[in-house]
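Observations on the three-dimensional arrangement
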Amino acid sequence: MSGPSGVRLLLLCGCACLWLPALASGALVISGDSEAPREKGGAVRWLQKRSANVATAEVEVHSVTVDCTVASRFAHTVMTSVALNKANSSKEIFFEVELPKSAFITNFSMEIEGQVYVGEVKEKEKAQKQYVTAVSSGQTAGLVKASGRKMEKFTVSVNIAAESNVTFVLTYEELLQRKLGQYEILNRIKPKMVVQKFRIVTNIYEPQGLSYVDAHATFLSNDLLPLVEKTVTDKKAHISFSPTMEQQRECPGCEGTLIDGDFIIKYDVNREKSFGEIQIVNGYFVHFFAPPDLPRVSKNVVFVIDRSGSMSDKMAQTRKALKTILNELDEQDHFALIQFDTIMEPWRESLTKATKENVAKAMGFVEEITSRGGTDINGAVLRGVNMLIQDKQEKRLPERSIDMIILLTDGMPNSGVSHIPTIQQNVRSAIGGNMSLFCLGFGNDVDYGFLDVMSKQNKGIARRIFEASDAAVQLQGFYQEVSDPLLLEVDLQYPDNAVDSVTTNHFNQLFNGSEIVVAGRLVDNDLDNFLVEVFGQGFENDFKAQGAATVLDWGVMYPDEEYIFGDFTERLWAHLTIQQLLEKSKSGGPDEKANATAKALEMSLRYNFVTPLTSMVVTKPETEDGPDSPLIADKLTEEQRQQAERMAPAKHLYAAPPVYKQSSPTYFVDGDPHFMIELPDRNDALCFNINNAPGTIFNLVRDPESGILVNGQIIGDKKIPPNGRINTYFCRFGIVHQTLGFRLEVSTEDISVFQGGKQIKLLWSDTSSIKGPNGDLQVTKDRSLTVTLRNSVKFVILLHKVWKQHLYHRDYLGFYTLDSHLLSPSVHGLLGQFYHGIEYEVTDLRPGEVPEKPDATMFVKGGKLNVTRGWQRDFRTDVKNGEKVPCWFVHSNGSGLIDGDAADYIVSGLFKTV
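The model shown is predicted, which means the values in this text are computed figures rather than measured ones.

Rules of the game
- Residues numbered from 1 in each chain as written.
- Predicted model: local features only at pLDDT ≥ 70, side-chain atom pairs only at ≥ 80, totals over all residues.
- Heavy atoms only, no water.
- Helix = DSSP H or I, 4+ residues; strand = E, 2+ residues; numbered from the N terminus.
- Buried < 20%, exposed > 50% of the residue type's maximum accessible area, 1.4 Å probe, protein only.
- Contact = heavy atoms within 4.5 Å.
- Areas by Shrake-Rupley, 256 points an atom, 1.4 Å probe, with all protein chains shown as cover.
- Phe/Tyr/Trp six-rings, centres within 6.5 Å; stacked < 30°, edge-to-face > 60°.
- Lys NZ or Arg CZ within 6 Å of the ring centre and 35° of its normal.
- pLDDT = per-residue confidence, 0-100.
- Pairing = 2+ DSSP bridges.
- Axes fitted to C-alpha atoms, helices over the stretch in contact; angles between N-to-C directions.
- Parallel < 35°, antiparallel > 145°, perpendicular 65-115°, else oblique.
- Nonpolar A, V, L, I, M, F, W, Y, C, P; charged D, E, K, R; others polar.
- Disulfide = S-S within 2.5 Å.
- Expected span 1.5 Å × (residues − 1).
- Arc of directions from axis to C-beta.
- Core = buried A, V, L, I, M, F, W, Y, C linked by side-chain atoms within 4.5 Å.
- Left-handed = near helix turned anticlockwise from the far one by under 90°.
- Polar contact = N/O pair within 3.5 Å; in protein donor to acceptor, adjacent residues only side chain to side chain.
- Salt bridge = Lys/Arg side-chain N within 4 Å of Asp/Glu carboxyl O.

1. Structural notes on the overall build of the protein chain
Looking only at helices and strands, one finds 13 helices and 55 strands in the protein chain. The buried share of the protein chain, taken over its 914 residues, is 58%. Intrachain contacts of the protein chain at a sequence separation of at least 6 include 68% that bridge at least 24 residues. Total accessible area on the protein chain stands at roughly 36300 Å², and carbon and sulfur atoms take up 48% of it.

Structural data, given as structure tokens:
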């Protein structure tokens, strides 16, 4: 960004259109961008403090409009925001929108003083060259970043001249998915302040006819309720919400707003035909199949539950969810329970009918599951497969029933067979296409890519279960989606001479409340013989239905409507085709993967979709300081999202694949003091503690080539606790960049910046930022300090505030390295020595002193160490409670892992090297 950037001030949030459980929101973010004072000669621009309490009257948010049009389940959303810079100097305006991760961005534009700047979709490799240039020059190059479980945040900023305005327009498209019998469109509305013109409007066009439409919001009071306008006819619904400025206010004259929460639309369509509904528009057809009133097929389900040591914090939620799921089993179902770590322990040796008596006994078994040991996924899944095969062979299970395995695990296989391709091959061979495997990856340490591929190879799906207070609800929700199978081996057949380029038309199962969607292209418009046949295996008999397709004339069906978007069937077909090709590119054979990838790329470019294979390049207008580097909007894969969550808080992440290798480790020290080296490429982490007397100063990072130095001083408890052990924490950090002439001192009280003979003091009690040619600092009130040094390194320091009346503990600091790739090979220190990776092997897993914490042997740096599987807390996303991260703990102050002895890293001063 050219020129010094001001503080980002959140002015308003809008919404987006999607299906649950994804959440959506939009935001327009404003910051001042005045010129900082220059030293004579222009050699140095002093760092200038900018308070977060910038007068917002200089920037007027004129309007935010979200227009969502749904035509036959295909949602087309356009978000438009207009802002005016009323100041007499330039301002930088940030535009942020959260959109569902399953949506594809199709267009973005900015209009400034009559000039329109439009994003261009390119092949990711070509866009990457521009990205590399932007990153190497110190520019923020990411436009899209992970945001929560189901969202992606699109962000762009632009400098606007005095008395000028800017119009942002973002368009994205998505095929809504039916879950649990309904489609859901959610608008998350968090304006934060009163907005001049604020409007959300959704139009739904469903030729099948609407069976019901419901709209409500979490924030609706009796006064706001009449503002929700809903008009529903047989085949169309119009829902809008457009409060005036006065209606938005918390009170007369207040700037605070009542609008804060979720605006939700739920609907479903009529389903009268047994063969489904076929719609043909502009030479493309789409077939929706979810026949009504089918009897459910009984199921045989084996629950395979990981009870390894790392599941200790998740086991209570797992037990709770399992008991609820068992209670929901139909009496005609059969089930089994297998808990595993390094060994497998089934409840019974074969599946059991789900009678009330058997379920009650199974709940007792579930209540006794406790965590311990390693993770033998291969052995556990094969045990479940063999149990199903044997019971089928011995005819203990109904002939017409569906066999499924539901695996719940939170970690990497580290016992038994641990080679992932071998496990996948073993499971695929054992299942032989005769049952479905559903994999639930619990937490952030699991290898989701491994589970995703293994599920797809075996007629199932994978789902991430996020480690949060609602984890049990997530588990139950997933089970409800797959708990009622209606049909098996569903085939949807179309005349060979009438269609081509048909999407997947064979499905292993159809579950109650879901929907099968098939789309394709017509060879010609002769539809006289366009007969559709559907076959499947039902509860007692085979299912067979057939019908004829008819062409829909949208102009006749919706005569009072203007052009909706007439090519939606073609774009729906393209969207669905690309999604399925991307899945094949993961789980197919080598040739199939290559062909699927090439075809998906070609279609992404043709239809202007931002997919994992393409990027949108946004070229911003030139400024008085010269041209800005182009920015790149990427779509994250689930693996990239998971890695982003591991590496740093989402708001500090670039979304496009970083130049500095995406699998680079993350390093931090926090707590008492606990050192952690996270290794995403191995789904693992190493940790150690350093204990010494209060007042000791340790060198954390030292790079003599770049002049970087980071030292930290520890502080002890106020007095000796009853257990006699004094805890120590970091209370001060000194950061020096000699080449840039930059020095920073951070304590639990305040933050001091020294440069060019000048000093600036920041307080933890304020949200503020300073920005200059050599470094940026961003303080989040009473929480964190982000330090970015130009072309060098990026740190985050967390503030942990302790109750002032606490008898023993004090406030303390945590130190996290987010980016160190530009430091030299000679970088060292207690953390710095690991910046270029660490090679090690762990073997001989065995019981430790504590059942939940097994011991193992680690070979590292030519030596052999006894290590223990434990946990440390990463506080980046939750500064109060932290997130538990499993790691191999190295005893005795890291002896054998760190170079030399811990005492070798003691220095005499906060800015000293010796």
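Now that the structure has been shown, we can carry on.
2. Remarks on the packing of aromatic side chains
Counted by the stated rule, this structure contains 26 aromatic pairs. With a centroid separation of 6.0 Å and an interplanar angle of 65 degrees, the aromatic rings of F438 and F478 are classed as edge-to-face. Separated by 40 residues along the polypeptide, F438 in strand 26 (residues 436-442) and F478 in helix 8 (residues 471-482) bring together distant segments of the chain. Of the residues examined, F438 reaches a relative accessible area of 2% and is grouped as buried. Through a chain of ring-to-ring contacts, three or more aromatic side chains come together here, namely F675, F688, F730, F733, F795, F815 and F834. Lying over the aromatic face of F754, R743 brings its terminal NZ or CZ to 4.5 Å of the ring centre. Against the face of F911 rests R743, its NZ or CZ located 4.5 Å from the ring centre.

3. Points about the environment of H575
Along the polypeptide, H575 turns up in helix 10 (residues 568-587). With 25 residues separating them along the chain, H575 and A600 place their C-alpha atoms 9.8 Å apart. Leaving out residues up to four positions away in the same chain, H575 has contacts with F74, S102, F104, E173, E174, L175 and F609.

4. As for the confidence of the model for the protein chain
This prediction gives the protein chain a mean pLDDT of 81; 86% of its residues lie at or above 70. Here residues 1-56 scores under 50 on pLDDT; set against residues more than four positions off or in separate chains, the count is 227 contacts. Predicted confidence for residues 647-663 stays below pLDDT 50, and this span has 50 contacts to residues more than four positions away or in other chains.

5. Notes on the sheet that holds strand 19 (residues 277-281)
As summarised here, the arrangement of the five strands in space is 29-31-20-19-34, forming an open sheet in which the pairing is mixed. Edge positions in the open sheet fall to strand 29 (499-500) and strand 34 (550-551), since each of these has one partner strand only. Sheet contacts for helix 10: strand 19, strand 20 (284-289) and strand 31 (516-522); angle to strand 31, the most-contacted strand, approximately 115 degrees.

6. With respect to the packing of helix 5 (residues 377-393) against helix 6 (residues 420-431)
Between helix 5 and helix 6, whose axes approach to 10 Å, the crossing angle comes to 0 degrees. The orientation of helix 5 with respect to helix 6, classified from their angle, is roughly parallel. Residues N378, V381, L382, V385 and I389 of helix 5 form the contact with helix 6, whose participating residues are I423, N426, V427, A430 and I431. Class assignment for the residues of the contact of helix 5 with helix 6 results in eight nonpolar, two polar and no charged.

7. Here we look at the sheet that holds strand 30 (residues 506-511)
Taken together, the four strands give an open sheet; going across it, the order is 30-28-32-33, and neighbouring strands pair in antiparallel fashion. What marks the edges here is a single partner per strand, and that holds for strand 30 and strand 33 (542-548). Strand-to-strand, the axes of this sheet are offset by a mean angle of 25 degrees, without reference to chain direction. Two elements, strand 32 (residues 531-537) and strand 33, share seven bridges in a ladder whose sense is antiparallel. If you follow G536 over to strand 33, its bridge partner there is F543.

8. Some thoughts on the state of the cysteines
Scanning all chains against the criterion turns up two disulfides. Residue C251 pairs covalently with C254 via a disulfide, S to S 1.5 Å. Using a relative accessible area of 32% as the deciding quantity, one classes C251 as partly exposed. Disulfide partner of C687: C887, at an S-S distance of 2.1 Å. Negative torsions about the S-S bond denote left-handed disulfides, and the value of about 70 degrees found for C687 with C887 makes this one right-handed. A residue pair is termed long-range when its members are at least 10 positions apart, and C687 in strand 39 (residues 684-689) and C887 in strand 54 (residues 883-890) qualify at 200 residues.

9. Let's talk about helix 6
Between its first and last C-alpha, helix 6 extends 17 Å over twelve residues, near the 16 Å set by a 1.5 Å rise per residue. Among all positions in helix 6, only I420, I423, Q424, V427 and I431 are buried. One side of helix 6 holds all its buried residues, which, seen down the axis, span an arc of 100 degrees. Backbone geometry just downstream of helix 6 places G432 in the positive-phi region, at approximately 60 degrees.

10. Overview of the nonpolar core
In this structure, L700, L744, L785 and F815 are the most contacted members of the largest nonpolar core, which totals 57 residues. No other element matches strand 49 (residues 793-800), which puts four residues into this core. Core analysis: the next-biggest nonpolar cluster, separate from the first, contains 35 residues, F335, L337, I465 and L475 among them.

11. Observations concerning the packing of helix 3 (residues 315-327) against helix 8
Look at helix 3 against helix 8: their axes get within 8 Å of each other, and the N-to-C directions meet at 35 degrees. Two packed elements cross with a definite hand, and for helix 3 against helix 8 that hand is right-handed. Listed contacts from helix 8 to Q317, T318, K320, A321, T324 and I325 of helix 3 are A471, A472, L475, Q476 and Y479. Per-class residue counts for the contact of helix 3 with helix 8 are six nonpolar, four polar and one charged.

12. Some details on helix 5
With 17 residues, helix 5 should reach 24 Å at 1.5 Å per residue; the first-to-last C-alpha distance of 24 Å fits that figure. Buried within helix 5 we find I377, N378, G379, A380, V381, G384, V385, M387, L388 and D391. Structurally, the start of helix 5 carries an N-cap: the backbone nitrogen of G379 is 2.9 Å from a side-chain oxygen of D376. Among the residues trailing helix 5, K395 stands out with phi positive, at a value near 55 degrees.

13. Examining the pattern of salt bridges
The full count for this structure, using the stated rule, is 39 salt bridges. Linking R271 and D268 is a salt bridge whose minimum nitrogen-to-oxygen distance equals 2.9 Å. Judged by relative accessible area, which is 7%, D268 ranks as buried. A salt bridge links E602 to R606; the nearest nitrogen and oxygen atoms lie 3.0 Å apart. Here E602 pairs with R606, and both are found in helix 11 (residues 590-606), just four residues apart, close to one helical turn. The partly exposed category is assigned to R606, whose relative accessible area is 41%. Each member of the salt-bridge network shares a partner with another, and the members are R73, R178, E206, D268, R271 and E515.

14. Examining unusual backbone geometry
With a phi angle near 60 degrees, E163 is a residue other than glycine that sits in the positive phi range. By the element assignment, E163 lies in the loop between strand 11 (151-160) and strand 12 (164-175). Here E163 falls in the exposed class, since its relative accessible area comes to 56%.

15. Focus: the pairing of strand 5 (residues 74-85)
Within a regular strand, side chains alternate between the sheet's two faces. Counting buried positions along strand 5 gives nine out of twelve residues, so the element sits mostly inside the fold. Across twelve bridges, strand 4 (residues 59-71) lies against strand 5 in antiparallel orientation. By the bridge assignment for strand 5, V70 is matched with A75. Sheet topology places strand 5 next to strand 12; twelve bridges connect them, and they run antiparallel. Counted as the bridge partner of M79 is L170 from strand 12.

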